[in-house]
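Inside the fold
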Amino acid sequence: RATQAEDARQTADKSASEGKDRAEAAEKLKAQMEQDLKRSREQHEATTADLVRLKTQCEALREEIRGTEQRLSAAEAARDGAYKSRDSAVQDADRARKLQQEANKRAAAADSRAEAEKTRADTADEA
């Protein structure tokens, strides 16, 4: 009986020792998992902050693009207006040139008539 009791005590001690070892291993695993969870949360927070920062930067870039597009549109409108003004000025210059040519023709005709009139007057004076 003493041997059985001793065997039972040794088995109980061995089971207790194994249970203690498993409990220590479980505590270490729990501590490691808690550390991993903490690291994961920190990474998640950092990633979330990066995403918010990137979203803000994207919105700022979109605003900049909209502003650039508006300036481009205004520049194109100004360019088109300048082309129209240039075309109008060319047309005005063409009209002015034609009017000048017409005026020169009329002046030449008037000079010719005046010369003819003078010649007639001179001829009348001589007669």
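How each quantity is defined
Residues numbered from 1 in each chain as written. Predicted model: local features only at pLDDT ≥ 70, side-chain atom pairs only at ≥ 80, totals over all residues. Heavy atoms only, no water. Helix = DSSP H or I, 4+ residues; strand = E, 2+ residues; numbered from the N terminus. Rg over C-alpha atoms; globule rule 2.2 N^0.38 Å. Buried < 20%, exposed > 50% of the residue type's maximum accessible area, 1.4 Å probe, protein only. Lys, Arg positive; Asp, Glu negative; His and termini not counted. Charge placed at Lys NZ, Arg CZ, Asp CG, Glu CD. Polar contact = N/O pair within 3.5 Å; in protein donor to acceptor, adjacent residues only side chain to side chain. Patch = residues over 30% accessible without salt bridge, like charges linked within 9 Å, V, L, I, M, F, W, Y side chains within 5 Å. Areas by Shrake-Rupley, 256 points an atom, 1.4 Å probe, with all protein chains shown as cover. Salt bridge = Lys/Arg side-chain N within 4 Å of Asp/Glu carboxyl O.

Turning our attention to the overall build of the protein. Along the backbone of the protein there are 1 helix and 0 strands. Against the 2.2 N^0.38 benchmark of 14 Å for 127 residues, the protein shows a C-alpha radius of gyration of 54 Å, more extended than a compact globule. Its C-alpha atoms put the protein at 185 × 15 × 10 Å along the principal axes. The proportion of buried residues among the 127 residues of the protein is 1%. The protein carries 26 positive and 28 negative side-chain charges, and their two centres are separated by 4 Å.

Within the secondary structure, Arg9 is located in helix 1 (residues 2–126). Take Arg9: its relative accessible area is 42%, and that puts it in the partly exposed class. C-alpha separation for the pair Arg9 and Ala25, spaced 16 residues apart in sequence, amounts to 24 Å. Here the side chain of Arg9 touches Glu6 through a polar contact of 2.3 Å, side chain to side chain.

This next bit is on the environment of Ala109. With respect to the helices and strands, Ala109 occurs in helix 1. Here Ala109 falls in the partly exposed class, since its relative accessible area comes to 31%. Residues Ala109 and Gln32 lie 77 residues apart in sequence; the distance between their C-alpha atoms is 113 Å.

This part takes up a negative patch on the surface. Taken together, the side chains of Asp111, Glu115, Asp122, Asp125 and Glu126 present a region of like negative charge at the surface. By the secondary structure assignment, Asp111 is in helix 1.

Turning to the pattern of salt bridges, a few remarks are in order. By the definition in use, this model includes 13 salt bridges. Of the charged contacts, one joins Glu6 and Arg9 as a salt bridge, the two residues approaching to 2.3 Å between their closest N and O atoms. A residue pair is termed a helical-turn pair when its members lie 3 or 4 positions apart in one helix, as Glu6 and Arg9 do in helix 1 at 3 residues. Measuring nitrogen to oxygen at the nearest pair gives 3.2 Å for the salt bridge that ties Arg79 to Asp80. The network of salt bridges with common partners includes Glu59, Arg62, Glu63 and Arg66.

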